[in-house]
Amino acid sequence: MPHVHDHCQAVIEKGSSSFAASAKLFYPATRGRAYMLYAWCRHCDDQTDDQELGFDGSQLPQEEGRARVERLRAETLRALSGEPTEDPIYAGFQRVVADCGIPQRYPLEHLDGFVMDVEGREYRTLGDTVEYCYHVAGVVGVMMAYVMGVRDEPTLDRATDLGLAFQLTNICRDVVEDAEVGRVYIPLDWLIEAGVPADRVAATENRGAVFEVVRKILLEADRYYASAWLGISQLPPRSAWAIAAANAVYSDIGRLILERGPRAWDTRTSTSKARKISLVLGAGPRSWKARRWGKGP
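Conventions adopted
Residues numbered from 1 in each chain as written. Predicted model: local features only at pLDDT ≥ 70, side-chain atom pairs only at ≥ 80, totals over all residues. Heavy atoms only, no water. Helix = DSSP H or I, 4+ residues; strand = E, 2+ residues; numbered from the N terminus. Expected span 1.5 Å × (residues − 1). Buried < 20%, exposed > 50% of the residue type's maximum accessible area, 1.4 Å probe, protein only. Polar contact = N/O pair within 3.5 Å; in protein donor to acceptor, adjacent residues only side chain to side chain. Core = buried A, V, L, I, M, F, W, Y, C linked by side-chain atoms within 4.5 Å. Contact = heavy atoms within 4.5 Å. pLDDT = per-residue confidence, 0-100.

## Examining helix α5 (residues 88-100)
- Given a rise of 1.5 Å per residue, 13 residues ought to cover 18 Å, and the 18 Å separating the end C-alpha atoms of α5 matches this to within 8%.
- Counting buried residues along α5, ten of its 13 residues qualify, which places the element largely inside the surrounding structure.
- Burial in α5 covers these residues: Pro88, Ile89, Tyr90, Ala91, Gly92, Phe93, Gln94, Val96, Val97 and Cys100.
- N-cap assignment for α5: the residue whose side-chain oxygen lies 2.8 Å from the backbone N of Ile89 is Asp87.
- Gly101 sits one or two positions beyond α5 and adopts a positive phi of about 65 degrees.

## Details of the nonpolar core
- Judged by nonpolar contacts, the single largest core of 94 residues is most densely connected at Trp40, Ile257 and Trp265.
- At 13 residues, the largest contribution of residues to this core is made by helix α7 (residues 126-147).
- Those residues in contact with Trp265 that lie beyond four places of it in its chain are Cys172, Arg173, Val175, Val176, Arg207, Val210, Phe211, Val214 and Ile257.

## Here's the deal with the side chain of Arg31
- Tracing the backbone through its elements, the reader meets Arg31 in helix α3 (residues 28-49).
- At a separation of 2.8 Å, a polar atom in the side chain of Arg31 contacts the main-chain carbonyl oxygen of Phe26.
- Those residues within four positions of Arg31 in sequence are excluded, and the remaining contacts are Ala23, Lys24, Phe26 and Arg238.

## Thoughts on the confidence of the model for the chain
- The pLDDT averaged across the chain works out to 90; a share of 89% of its residues lies at or above 70.
- For the chain, the element scoring lowest by mean pLDDT is helix α1 (residues 2-15), at 61; α7 scores highest, at 98.
- Of the regions scoring below 50 in pLDDT, residues 53-57 engages in 13 contacts with residues more than four places distant in sequence or in other chains.

## Focus on the environment of Val140
- Tracing the backbone shows Val140 in helix α7.
- Once residues within four sequence positions are removed from consideration, Val140 is found in contact with Cys41 and His110.

Here's what the structure looks like:
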């Protein structure tokens with residue numbers, strides 16, 4: 001099914017330049033499966049946020065959002081049951097789940113994260129925020145680990161940690177943009193402590209206080225990035241390099257946010273192409289050291 005692979009590759013290259021850059025380091029078979037898994041994840045996200053490849057989204061009415069998630073669940077269950085499909089997104093997803101033996105619980109847990117979004121869940125504590133991050137990103141880390149041949153629980157846990165770190169970083173980068181459409185993922189208890197009403201997170205006068213809350217979240221993200229290195233040490237060489245590169249590129253976004261301070265949301269914080277290349281190249285020796293010594297850099 002070359003058309004399935006090509007379609008899924010196009011989705012990842014348009015929808016996530018950071019992940020696409022890291023994915024090029026995988027062995028070809030692993031890379032193709034990563035494309036197919038990512039394309040399904042991207043499709044689910046786009047459907048529930050009414051967007052295309054992560055862009056130009058809008059907040060759907062709650063009932064419409066619920067209906068879309070239920071359609072996604074029904075289509076996903078049909079794919080998991082082995083029912084033939086002409087849709088390249090679901091054909092690719094079906095293939096990668098079968099090839100890699102991904103347990104059905106993980107894609108279904110991923111869909112539960114979109115339910116949290118469409119229902120407008122509140123996140124009062126850091127634990128609440130981390131629970132959300134598990135569903136939308138941690139479980140994706142686990143599925144990616146299956147794609148790379150991982151089956152042992154300790155390494156799967158470290159894959160979860162990397163997904164959590166990615167999502168916490170995304171939350172910090174997009175905090176103002178999300179708040180403008182009524183979504184606040186940073187802990188409400190921390191906002192209250194900082195004197196920021198939940199409905200005023202996007203207000204310019206609150207940027208300084210919001211930045212201090214974001215600083216605390218990025219410290220939590222750094223803990224997960226560090227923990228993920230222990231899992232990198234257990235991966236095959238090129239997979240280790242790819243995941244080390246993703247670790248470096250995403251954590252660099254957090255570094256840039258801290259560097260920009262309260263002005264971090266004047267424009268979207270992103271890593272330049274030259275910087276990405278440098279980080280990807282530097283991740284190679286770091287991943288070798290992790291595999292050689294069984295620990296992080």
